[in-house]
Amino acid sequence: MPRPLIGITTYVEDSTRYGVWDLPTSLVPTGYYELVQAAGGAAVLLPPDEPASAAEVLSRVDGLVVAGGPDVDPAHYGAARDSRTGSPATVRDHWELALIAAALEADLPVLGICRGMQALNVALGGALVQHIDGHFETPGAMSWHPVRPVPGTRYADLVPEEAQVPTYHHQAVDRLGRGLVVSAHAVDGTVEAIELPDPQRWVLGVQWHPERDKDTRVMSALIEAASVRTAVPVG
């Protein structure tokens, strides 16, 4: 059986230096695809495309990872922009919200990471807190803090204990999107994981960065759910 193919959304930068070049780039830190590979999947990057093509693009993959990155534009959840919210990532917002909608329509397994969790919440009609303190300390360096699973959730089944996780964010879930439940909190009450409780759909968002950790349990569960789509019917 082939390894499940997992699509990973990309960061989009106006200027990236490498070698003698300084060019616009669509990129992803290596930790994302290395985590997919370590969990038994194969990875492919999904740079921005026309939102109308989201369903066609996702028809080629078995699961979706929505990566971290800049703040989701508060216009997408009907809020005025806080002065501490980052500049809009318009192309990425439209693409990733379309991918999430198409993935949910197709019952594709979805894992949202940091911004990806927030985008999942917004795609389902939820809203965000535009600034919180205490979830990163030094620019460009991960902080670590404990998260506590909510008993009875998919996340708690995967990671039943309080776990230290790498974190780097200044926004968080406020109003939950349609059908979502909270599946982990930080000690200060911040929502750290959300999921759809439907047992027929594997949809989970985590506010931290598992690609910066060695724990593969969450990604392995995504790969297991995606592997069902690679199975060839017999008979």
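Residues numbered from 1 in each chain as written. Predicted model: local features only at pLDDT ≥ 70, side-chain atom pairs only at ≥ 80, totals over all residues. Heavy atoms only, no water.

Asks: Is there a simple way to think about helix α1 (residues 30–38) in this case?
Replies: Every buried residue of α1 is listed here: Gly31, Tyr32, Leu35 and Val36. The buried side chains of α1 occupy one side of the element, clustering within an arc of 135° when seen end-on. (Buried < 20%, exposed > 50% of the residue type's maximum accessible area, 1.4 Å probe, protein only. Helix = DSSP H or I, 4+ residues; strand = E, 2+ residues; numbered from the N terminus. Arc of directions from axis to C-beta.)

Asks: How do you make sense of the environment of Gly205 when you look at a structure like this?
Replies: For Gly205, the location among the structural elements is in strand β13 (residues 203–206). Look at Gly205 and you get buried, because its relative accessible area is 0%. When the C-alpha atoms of Gly205 and Met219 are compared, they prove to be 11 Å apart, with 14 residues separating the residues in sequence. Setting aside chain neighbours within four positions, we find Gly205 in contact with Gly112, Met117, Leu120, Glu192, Ala193 and Ile194. (Contact = heavy atoms within 4.5 Å.)

Asks: What is the right way to look at the packing of aromatic side chains in this model?
Replies: Note on aromatic pairs: each is described by the distance of the centres and the angle between the planes. Applying the stated criterion to the full structure yields three aromatic pairs. Each ring, one from Tyr155 and one from Trp208, has its centre 5.5 Å from the other, and the planes form 65°; the classification is edge-to-face. One end of the pair, Tyr155, is in helix α5 (residues 154–158); the other, Trp208, is in the loop between β13 and α6 (217–230), and 53 residues separate them in sequence. In this structure, Arg92 packs its charged tip against the face of Tyr11, placed 4.9 Å from the ring centre. (Phe/Tyr/Trp six-rings, centres within 6.5 Å; stacked < 30°, edge-to-face > 60°. Lys NZ or Arg CZ within 6 Å of the ring centre and 35° of its normal.)

Asks: Could you clarify how one ought to interpret the side chain of Arg115 in this entry?
Replies: Checked against the element boundaries, Arg115 lands in helix α4 (residues 115–123). Overall, the relative accessible area of 1% leaves Arg115 in the buried class. A polar contact is formed between the side chain of Arg115 and the side chain of Glu96, at a distance of 3.0 Å. For Arg115, the residues in contact, after removing those within four places along its chain, are Ala67, Gly68, Gly69, Pro70, Asp71, Val72, Arg92, Asp93 and Glu96. (Polar contact = N/O pair within 3.5 Å; in protein donor to acceptor, adjacent residues only side chain to side chain.)

Asks: How should I be thinking about the nonpolar core in this particular structure?
Replies: Here is a general trend for soluble globular proteins: nonpolar side chains tend to be buried in one another's company. In this structure, Leu58, Leu64, Leu99, Leu120 and Ile194 are the most contacted members of the largest nonpolar core, which totals 33 residues. Looking at this core, the elements that each hand over two or more residues are α2 (54–58), β5 (63–66), α3 (90–105), α4 and β12 (191–195). Beyond its immediate stretch of four places on either side in the chain, Leu120 contacts Ile100, Leu180, Ile194, Val203, Leu204 and Gly205. Core analysis: the next-biggest nonpolar cluster, separate from the first, contains 30 residues, Ile6, Ala67, Val147 and Ala193 among them. (Core = buried A, V, L, I, M, F, W, Y, C linked by side-chain atoms within 4.5 Å.)

Asks: Would you mind going over the pattern of salt bridges with me for this structure?
Replies: Should their charged atoms come close, side chains of opposite charge can pair. Inspection of the entire model under this criterion finds 11 salt bridges. Asp22 is the partner of Arg17 in a salt bridge, and the nearest nitrogen-oxygen pair spans 3.6 Å. The closest approach of N and O atoms between Arg115 and Glu96, which form a salt bridge, is 3.0 Å. In this pair, Arg115 sits in helix α4 while Glu96 sits in helix α3, placing the two residues 19 residues apart along the sequence. Just as Arg115 is buried, Glu96 falls in that class too. Through salt bridges with shared partners, a single ionic network connects Arg92, Asp93, Glu96 and Arg115. (Salt bridge = Lys/Arg side-chain N within 4 Å of Asp/Glu carboxyl O.)

Asks: Sorry if this is basic, but what is going on with the pairing of β12 here?
Replies: For a regular strand, side chains alternate in direction, first toward one face of the sheet and then toward the other. Counting buried positions along β12 yields five of five residues, so the element is predominantly enclosed. The sheet contact formed by strand β11 (residues 181–186) and β12 spans four bridges and is antiparallel. Within the sheet, the bridge partner assigned to Ala184 lies in β12 and is Ala193. If you look at the hairpin formed by β11 and β12, you'll find four residues sitting between the two strands, and Gly189 has a positive phi there, around 95°. Bridging between β12 and β13 involves three bridges; their strand directions are antiparallel. In the strand pairing of β13, Glu195 is matched with Leu204. (Pairing = 2+ DSSP bridges.)

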